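Chain residues, written in single-letter form:
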Amino acid sequence: MTPITVTYYSDVLCIWAYVAQARVDAIRRTFPDEVRLDYRFVSVFGDTRLKLGEGWRDRDGFAGYARHVAGIARRFEHVQLDPRVWVEVQPASSLSPHLFLSAVLEWERTQLPAAVEREPQIFASVMWALRRGFFAEGLDISRRDVQRELARPFGLDLDAVERLVDDGAAFARLSTDYQSAEKARIEGSPSFVLNEGRQKLYGNVGFRVIGANIREVLRDPNQDQASWC
């Protein structure tokens, strides 16, 4: 059986995407052969000074947003949150880690041909390392030196990854992601898209709902209309 594709849009600085990693892992465990995750980025925290410093000005800016994030984290036992997040550690933009991760994905696709036919394992591991590095360890993952250090344990050629940034390949991949999110009218992070765009699950959606939607598509992957699920 040819696996179906579930496109997963997220921003690495999004607390809800951090929380949703458990659901991403559950998809991989529950549907190891039936589902292929297509990881893409959406820009939510492209300019944190504008989004949080200005956008949250009436709610105490970064400090207010930090309290908001801490409140979310307390609701989920599987989530660890460093108290410095958004208080002392304020990444300027998610564009930088998204660009680095796009280069990692491009490297894995070109250097490890088998990765084209399956989910990108190294990329997924590095993405989680960066996401956890920010939320659980309080690291500024918009810094290139931090990105390299967090990616180092996973066996990729970091110099080759840097060259993919320098020659524009990573920019091209990231641009495609952002355009895809706009075309699909993705509302935010995280978002799961199934059934060729007919089904979109956005935000804090439980795995039972995600799993039910996947099973409906698997039941009839060639259906021409949205499921009743």
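So, here's what we can say about the structure. Owing to the predicted nature of the structure, the values given are computational and were not obtained by experimental measurement.

**Describing the overall build of the protein chain**
Helices and strands together make up the secondary structure of the protein chain, namely nine helices and four strands. The linear arrangement of helices and strands in the protein chain, starting from the amino end, is β-α-β-α-α-α-α-α-α-α-β-β-α. Scaling as 2.2 N^0.38, a compact globule of 229 residues should have a C-alpha radius of gyration of about 17 Å, and the protein chain matches this with 18 Å. Along the first, second and third principal axes, the C-alpha set of the protein chain runs to 50 × 40 × 30 Å. A buried classification covers 53% of the 229 residues belonging to the protein chain. Counting every atom, the protein chain has about 11500 Å² of accessible surface; 48% of that belongs to carbon and sulfur. Charge separation in the protein chain, taken as the distance between the mean sites of 30 positive and 32 negative side-chain charges, equals 4 Å.

**A short note on the packing of helix α4 (residues 95-111) against helix α6 (residues 144-151)**
Their axes nearest at 10 Å, the elements α4 and α6 cross at an angle of 40°. Classed by the angle they form, the pair α4 and α6 counts as oblique. For the crossing formed where α4 meets α6, the hand is right-handed. Contacts between α4 and α6 involve S96, P97, L99 and F100 from the former and R144, Q147, R148 and A151 from the latter. The residue makeup of the contact of α4 with α6, split by class, is four nonpolar, two polar and two charged.

Definitions and cut-offs
- Residues numbered from 1 in each chain as written.
- Predicted model: local features only at pLDDT ≥ 70, side-chain atom pairs only at ≥ 80, totals over all residues.
- Heavy atoms only, no water.
- Helix = DSSP H or I, 4+ residues; strand = E, 2+ residues; numbered from the N terminus.
- Rg over C-alpha atoms; globule rule 2.2 N^0.38 Å.
- Buried < 20%, exposed > 50% of the residue type's maximum accessible area, 1.4 Å probe, protein only.
- Areas by Shrake-Rupley, 256 points an atom, 1.4 Å probe, with all protein chains shown as cover.
- Lys, Arg positive; Asp, Glu negative; His and termini not counted.
- Charge placed at Lys NZ, Arg CZ, Asp CG, Glu CD.
- Axes fitted to C-alpha atoms, helices over the stretch in contact; angles between N-to-C directions.
- Parallel < 35°, antiparallel > 145°, perpendicular 65-115°, else oblique.
- Left-handed = near helix turned anticlockwise from the far one by under 90°.
- Contact = heavy atoms within 4.5 Å.
- Nonpolar A, V, L, I, M, F, W, Y, C, P; charged D, E, K, R; others polar.

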